[in-house]
Amino acid sequence: MLLRRYIGDTPARLIEFGRPYDWDTLGKQLSQVEAAVLICYAFPTLVPPQLLSIFPKGGLNLHPALLPNYRGPHPLHRLAVDGQHAVHGGVTLHKMSAAFDDGDILGQVSFSETDWASRRALIDGLASAMCTLVSEVAPAYCKGSLSGTRQPAGDFIWARLESAHTMISPAMSIEHVDRLWHVLGNIPGIYLDVAGHKVRLGFQIERLGSPTGQVPVARWGTVEFDLADGRVRYLAYGHLLKRLLKLRDAFARSQVRSRVLK
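Residues numbered from 1 in each chain as written. Predicted model: local features only at pLDDT ≥ 70, side-chain atom pairs only at ≥ 80, totals over all residues. Heavy atoms only, no water.

Student: Would you take a moment to explain the packing of aromatic side chains for this structure?
Tutor: Throughout the structure, instances matching the rule amount to 10 aromatic pairs. Measuring from centroid to centroid gives 5.5 Å for Tyr 21 and Trp 23, while their planes differ by 45°, and the two rings are tilted. The class for Tyr 21 is partly exposed, based on a relative accessible area of 23%. Each ring, one from Phe 111 and one from Trp 116, has its centre 5.8 Å from the other, and the planes form 80°; the classification is edge-to-face. Judged by relative accessible area, Trp 116 falls into the buried class, the value being 4%. An aromatic cluster is defined as three or more aromatic residues linked by ring pairs; in this entry it consists of Phe 17, Tyr 21, Trp 23 and Phe 43. Lying across the ring of Tyr 141, Lys 57 places its NZ or CZ 5.3 Å from the centre. (Phe/Tyr/Trp six-rings, centres within 6.5 Å; stacked < 30°, edge-to-face > 60°. Buried < 20%, exposed > 50% of the residue type's maximum accessible area, 1.4 Å probe, protein only. Lys NZ or Arg CZ within 6 Å of the ring centre and 35° of its normal.)

So, in structure tokens, the structure goes:
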């Protein structure tokens, strides 16, 4: 349904496919599509080889990190958590293989620092990078002028988000926590321990000055706490904020759909 909102009246065939995955039925549907290559993004499981064989050029995947670093299901989240967004942040177009995110690299686009300034900026940066790779690199691969580069062997970080990664520490900087909110704030959320209780944070509403050495304080739907370089006040995540964020996201989707239809 979300994809329908984005494509609008664009003359594109939409095949809906979800769990439980019926690969045989999907294969029959895709065999009627005259396409050279299958391109995936954010698909949560490996695509079977028999499905990829339907396409003369197999399958390609768009991965939101600069491979071979940060393979796995949650690269954007872990890049923000690990503070490696400026080093390994970007999008990689690679061949799909028998393992997750380890196929030959065809092209990469790095994110800029401004792409991490807000959730909207990150979404726009991601879309722009994918557009470049799909419109420029994928056609070159299909024409045979680009073969790709094998990924190096090594022990690279597997980008899986654990519950501990969502907890805020007073050793973190204000900028780091702000970035965590942009990337993790909606799902799965970021949390602070307040007197033994796990409190989910909304967005930052005020910088209160230097660190005070005092414990976090929750009052009137807000939370005040120290970070390494200052004390801040955040809105606590509740029903009202959740509704406001849904309205904001719905408005953002309508704006994207309007741009697509123009």
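Student: I would appreciate a short explanation of the nonpolar core in the present structure.
Tutor: If you look at the biggest cluster of nonpolar residues, it comprises 42 residues, and the most contacted ones within it are Ile 168 and Phe 225. Counting residues per element, this core draws most heavily on helix 6 (residues 119-143), which supplies eight residues. Grouped together as the second largest cluster of nonpolar side chains are nine residues, Trp 23, Leu 26, Val 47 and Phe 55 included. (Core = buried A, V, L, I, M, F, W, Y, C linked by side-chain atoms within 4.5 Å. Helix = DSSP H or I, 4+ residues; strand = E, 2+ residues; numbered from the N terminus.)

Student: Just checking my understanding: could you explain the sheet that holds strand 9 (residues 230-236) for this structure?
Tutor: One key point about sheets: their strands pair by backbone hydrogen bonds, in either a parallel or an antiparallel sense. With respect to topology, five strands assemble into an open sheet ordered 5-6-9-8-7, the strand pairing being antiparallel. Taken across any chain shown, the strands that pair with only one partner, and hence form the sheet edges, are strand 5 (191-194) and strand 7 (217-219). Direction aside, neighbouring strands of the sheet carry axes that sit 45° apart on average. Pairing between strand 7 and strand 8 (residues 222-227): three bridges, direction antiparallel. If you follow Val 217 over to strand 8, its bridge partner there is Glu 224. Each of strand 6 (197-209), strand 8 and strand 9 is contacted by helix 7 (residues 174-184), which is oriented at about 125° to strand 6, the strand it contacts most. (Pairing = 2+ DSSP bridges. Axes fitted to C-alpha atoms, helices over the stretch in contact; angles between N-to-C directions. Contact = heavy atoms within 4.5 Å.)

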